[in-house]
Amino acid sequence: MKITEILVAEHRIFLSVFDQIERALSGVTTLTEARKLARLVEGMLESHAGTETELAYLALDHVLQDKDQLDRLHEEHHEIDTSLHLVHLAGDVARARLMLQTALGASRRHFAFEEQSVFPLIESALQSETLAGLAATWMQRFEAQPAG
Ligand SMILES: [Fe+2]
Ligand SMILES: [Fe+2]
């Protein structure tokens, strides 16, 4: 297995959670509830984005062109983080819901961009043994996490 395949599998899980959050969002009437949902998304994306950042830096040394794709990856992570942060700063629930929806929409587009442009670039830049080694490390870290 390659690390990029693990990241794609995580995207699938996140997309289904996002759908559920969007359904729940229409019934959210307080800032506290909106912020809780934002924290859930932040927690899910944090280590995923961290793994991608590490990968992008590793690939950077081997990519002769299309470096702008790797820059775009970092920019989009930053934009998503900013939208989520704005949920916490929102003064009313309508604004908080809008910012959370913005973050979910930006994340969906970002996943598609990564799968179409960034992951193929990373797979061509790095050796398959490296991609498999990173997947094994990811698995070890995952298994070392306390349950629940
Ligand atoms: Fe990402
Ligand atoms: Fe991703």
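Here, the structure is the one placed above.
No experiment lies behind these values; they were computed from the predicted model shown.

*Asks:* Would you mind going over the coordination of the iron ion (ligand 1) with me for this structure?
*Replies:* When a metal holds four donors in a tetrahedron, each ideal angle between them is 109.5 degrees; when it holds six in an octahedron, the ideal angles are 90 or 180 degrees. Around the iron ion (ligand 1), the protein contributes the donor atoms E52 (OE), H77 (NE2), H110 (NE2) and E114 (OE), at 2.0 to 2.1 Å from the metal centre. Metal-centred angles of 79 to 163° between the 4 donor atoms at the iron ion (ligand 1) mark the site as irregular. Considered as a linear motif, the donors of the iron ion (ligand 1) on their single chain read E-x24-H-x32-H-x3-E. The two metals, the iron ion (ligand 1) and the iron ion (ligand 2), are separated by 3.3 Å and share E52 as a common coordinating residue. On the criterion of helical spacing, the pair formed by H110 and E114 is a turn pair, its members being 4 residues apart in helix α4 (residues 93-125). The same class applies to H110 as to E114, namely buried.

*Asks:* Help me understand the packing of helix α2 (residues 31-60) against helix α3 (residues 67-89) in this model?
*Replies:* Angle between the axes and distance between the axes are the two parameters that describe a pair of packed helices. Interhelical geometry of α2 versus α3 gives an angle of 165° and a closest axis separation of 10 Å. As far as their axial angle goes, α3 and α2 are roughly antiparallel. Crossing hand, α2 versus α3: left-handed. Grouping the amino acids of the contact of α2 with α3 by side-chain chemistry returns 13 nonpolar, 5 polar and 5 charged.

*Asks:* Looking at this model, I keep getting lost on the side chain of S107. Mind explaining?
*Replies:* The residue S107 is located in helix α4 in this model. The class for S107 is buried, based on a relative accessible area of 1%. Look past the residues within four positions of S107 in its chain and what remains in contact with it is F18, L45 and I80.

*Asks:* It is not clear to me how α4 should be interpreted in this structure. Could you clarify?
*Replies:* An α-helical turn contains 3.6 residues, so a residue and the one three or four places further along point in the same direction. Counted at 1.5 Å a residue, the expected span for α4 with its 33 residues is 48 Å, and the 44 Å between its end C-alpha atoms agrees. The axis of α4 is deflected most strongly, by about 45°, at E114. Where α4 begins, the capping side chain belongs to D92, and its oxygen is found 3.2 Å from the backbone nitrogen of A94.

*Asks:* Just to check I follow, could you spell out the coordination of the iron ion (ligand 2) for this structure?
*Replies:* Bound to the iron ion (ligand 2) are the protein donor atoms H11 (NE2), H48 (NE2), E52 (OE) and E114 (OE), situated 1.9 to 2.2 Å from the metal. Taken together, the 4 donor atoms coordinating the iron ion (ligand 2) and their angles of 80 to 174° define a geometry best described as irregular. For the iron ion (ligand 2), all donor residues lie on one chain, and their spacing in sequence is H-x36-H-x3-E-x61-E. Take H48: its relative accessible area is 2%, and that puts it in the buried class. Judged by relative accessible area, which is 0%, E114 ranks as buried.

*Asks:* Is there a simple way to think about the pattern of salt bridges in this case?
*Replies:* Side chains that differ in sign of charge can pair as their charged atoms come close. With the rule as written, the count across this model stands at 5 salt bridges. Close ionic contact of R108 with D19 constitutes a salt bridge, the shortest N to O distance being 3.0 Å. One end of the pair, R108, is in helix α4; the other, D19, is in helix α1 (residues 3-25), with 89 residues separating them in the sequence. Across the salt bridge formed by R141 and E54, the nearest N and O atoms sit 3.8 Å from each other. Of this pair, R141 sits in helix α5 (residues 128-144) while E54 sits in helix α2, placing them 87 residues apart in sequence. Assessed through its relative accessible area of 47%, R141 is described here as partly exposed. A relative accessible area of 44% means that E54 is categorised as partly exposed.

Rules behind the numbers
- Residues numbered from 1 in each chain as written.
- Chains lettered and ligands numbered in written order.
- Predicted model: local features only at pLDDT ≥ 70, side-chain atom pairs only at ≥ 80, totals over all residues.
- Heavy atoms only, no water.
- Donors = N, O, S within 2.8 Å, 3.2 Å for Na, K, Ca; no water.
- Tetrahedral: all angles 85-135°; square planar, octahedral: opposite > 155°, others 65-115°.
- Helix = DSSP H or I, 4+ residues; strand = E, 2+ residues; numbered from the N terminus.
- Buried < 20%, exposed > 50% of the residue type's maximum accessible area, 1.4 Å probe, protein only.
- Axes fitted to C-alpha atoms, helices over the stretch in contact; angles between N-to-C directions.
- Parallel < 35°, antiparallel > 145°, perpendicular 65-115°, else oblique.
- Left-handed = near helix turned anticlockwise from the far one by under 90°.
- Nonpolar A, V, L, I, M, F, W, Y, C, P; charged D, E, K, R; others polar.
- Contact = heavy atoms within 4.5 Å.
- Expected span 1.5 Å × (residues − 1).
- Bend = angle between axes of the 7 residues up to and from the residue.
- Polar contact = N/O pair within 3.5 Å; in protein donor to acceptor, adjacent residues only side chain to side chain.
- Salt bridge = Lys/Arg side-chain N within 4 Å of Asp/Glu carboxyl O.

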